[in-house]
Amino acid sequence: MTDTAGKPVGPGSRAGAFATGDGLIRRRRRRRLRYSALGAAAVLVVAGGAGWAAYAKLSSNITADEAAAAELARYERERPTALVRGALNLLLIGSDTRAGDGNRKYGKDIVGQRSDTTILLHLAADRESATAVSIPRDLMVDVPSCLQEDGRRSDPVFAMFNHAFQVGGSACTIRTVEKLTGIRIDHHMVVDFSGFKEMVDAVDGVEVCLKEPVDDKAAKLRLPAGRVTLDGEQALGYVRARKSLGNGSDTERMGRQQRFLGALVNKVQSTDVLLNPVKLYPLLDAATSALTTDPELASLRGLYQLVRGLRDIPTERVRFLTVPRESYVYDANRDQLVEPEAEKLFDRLRADRSVVVIPEDSQKVPGEDTGSGGQDGPSPAPTFRGYTASEHTCE
């Protein structure tokens with residue numbers, strides 16, 4: 001069949017397709033497919049745009065500690081050498097600065113800032129274990145000459161450990177830790193009061209167990225005995241309180257901080273926060289807003305690579321302990337290292353060898369060999385008083 005111009009018209013021709021019922025159906029189908037493809041593309045663009053916007057926001061939340069990086073580079077030759085490829089040492093610093101809207105209500109602004117909490121976190125090269133070592137703020141150490149905020153350099157001094165952060169910030173603290181331990185610090189993070197609170201709230205609180213009620217006016221903390229889920233504000237008071245809990249010592253406070261961090265690790269792992277984007281985003285938003293890190297970690301990519309290594313470590317292989325210490329011989333209110341136990345601990349961390357922790361009430365003497373090297377082979381492993389993230393204070 002042809003039209004008036006002599007062109008063929010029929011089911012197989014384009015003109016015929018418009019002239020028959022089958023052609024109309026095919027045309028409508030093609031049109032629907034085209035619109036569906038455009039719609040899917042639009043969804044992907046919007047989703048991708050939102051994803052990129054979220055990524056950009058979270059990355060921009062993190063403050064890169066460029067000043068510390070420059071200062072550490074200046075002293076690169078005197079810094080320890082990393083001995084085991086793949087092992088990582090991260091220094092976590094809790095700042096008690098009152099600067100910033102979220103921190104002012106915790107007291108008047110102080111000159112500079114001090115490290116309320118400092119933890120050396122060692123991640124094994126195989127990422128099958130992690131060891132968190134608290135360094136007492138009252139520990140007497142050699143603090144090197146450091147760059148101060150006013151641009152001048154401080155004199156080297158034998159002083160309390162937290163003096164390093166107050167004088168020269170994170171770079172001075174890192175250099176002090178490296179001088180004390182001989183361990184290379186690969187990364188560091190500084191978290192303030194406000195950031196700590198927000199991270200706890202982002203996981204809907206953390207459960208602890210209290211043997212006795214708590215009533216601390218200074219910390220504005222009133223809690224019943226037993227199992228209690230702490231929100232961010234309560235958690236901050238709990239880990240900072242001293243006089244109303246236990247014997248009021250900084251040592252006991254460090255133990256409480258360690259147990260709380262263990263409970264936080266448990267909460268994050270048990271609720272699959274790291275695998276659930278809906279739960280993970282608020283945590284990341286809170287965490288990144290609170291962080292000042294070395295430039296290499298100051299991005300989501302850098303943090304992801306770190307968290308990925310932590311995600312699958314069993315809680316019983318996440319260990320918390322305090323560096324072996326005793327009262328300083330010249331001042332009972334200060335601390336000094338216990339040797340050779342402290343050096344045994346630093347040696348094992350430098351060599352990426354496992355650390356065995358025993359309960360505080362254990363009859364074993366800290367520093368004694370277990371008689372078995374565990375995963376590291378036949379050599380004995382010394383013991384240290386501490387906890388694992390799998391332990392609960394209620395049990």
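Small disclaimer: the values here were computed from a predicted structure and weren't measured. (Residues numbered from 1 in each chain as written. Predicted model: local features only at pLDDT ≥ 70, side-chain atom pairs only at ≥ 80, totals over all residues. Heavy atoms only, no water.)

Undergrad: Would you take a moment to explain a negative patch on the surface for this structure?
TA: Together, Glu 198, Asp 201, Asp 204 and Asp 231 make up a negatively charged patch on the protein surface. Take Asp 201: it is sitting in helix α5 (residues 193-202). Overall, Asp 201 belongs to the partly exposed group, its relative accessible area being 41%. (Patch = residues over 30% accessible without salt bridge, like charges linked within 9 Å, V, L, I, M, F, W, Y side chains within 5 Å. Areas by Shrake-Rupley, 256 points an atom, 1.4 Å probe, with all protein chains shown as cover. Salt bridge = Lys/Arg side-chain N within 4 Å of Asp/Glu carboxyl O. Lys, Arg positive; Asp, Glu negative; His and termini not counted. Charge placed at Lys NZ, Arg CZ, Asp CG, Glu CD. Helix = DSSP H or I, 4+ residues; strand = E, 2+ residues; numbered from the N terminus. Buried < 20%, exposed > 50% of the residue type's maximum accessible area, 1.4 Å probe, protein only.)

Undergrad: So what exactly am I meant to see when it comes to the pairing of strand β2 (residues 88-95) here?
TA: Side chains on a regular strand alternate between the two faces of the sheet. Of all 8 residues making up β2, 6 are buried, and the element is well covered by its neighbours. Looking at chain direction, β2 and strand β3 (residues 115-123) are connected through 8 bridges and run antiparallel. Considered in β3, the bridge of Gly 94 is made with Thr 117. Direction of pairing for β2 relative to strand β7 (residues 187-191): parallel, over a ladder of 5 bridges. Bridge pairing in β7 places Leu 91 opposite His 188. (Pairing = 2+ DSSP bridges.)

Undergrad: How should the state of the cysteines be read in this particular structure?
TA: By definition, a disulfide links two cysteine residues through a covalent bond between their sulfur atoms. A complete count under the given rule lists 1 disulfide for this structure. The disulfide that involves Cys 146 links it to Cys 172, with 2.1 Å between the sulfurs. Of note, the bridge from Cys 146 to Cys 172 carries an S-S torsion of about 75° and is right-handed in sense. Linking Cys 146 in the loop between β5 (140-143) and β6 (157-160) with Cys 172 in helix α4 (residues 163-181), this pair joins segments that are 26 residues apart in sequence. Residue classification places Cys 146 among the buried residues on the basis of a relative accessible area of 1%. Classification of Cys 172 as buried rests on a relative accessible area of 1%. (Disulfide = S-S within 2.5 Å.)

Undergrad: Help me understand the environment of Gly 169, please; the structure alone is not making it clear to me.
TA: Relative to the helices and strands, Gly 169 resides in helix α4. Sequence-wise, Gly 169 and Val 190 are 21 residues apart; in three dimensions their C-alpha atoms are separated by 9.7 Å.

Undergrad: What should I look at first to understand the nonpolar core in this one?
TA: As a rule of thumb, soluble globular proteins bury nonpolar side chains together. Formed by 31 residues in total, the largest nonpolar core has its most connected members in Leu 91, Leu 120, Val 133, Leu 321, Leu 345, Phe 346 and Leu 349. Every element with two or more residues in this core is listed here: α3 (66-74), β2, β5, α4 and α10 (341-350). Counting residues per element, this core draws most heavily on α4, which supplies 6 residues. When sequence neighbours within four positions are dropped, the list of residues in contact with Phe 346 reads Leu 180, Thr 181, Ile 183, Val 323 and Leu 337. In terms of nonpolar packing, the next biggest core, distinct from the first, is built from 25 residues, Phe 193, Phe 196, Tyr 238 and Leu 283 among them. (Core = buried A, V, L, I, M, F, W, Y, C linked by side-chain atoms within 4.5 Å. Contact = heavy atoms within 4.5 Å.)

In short, geometric facts, not functional conclusions.
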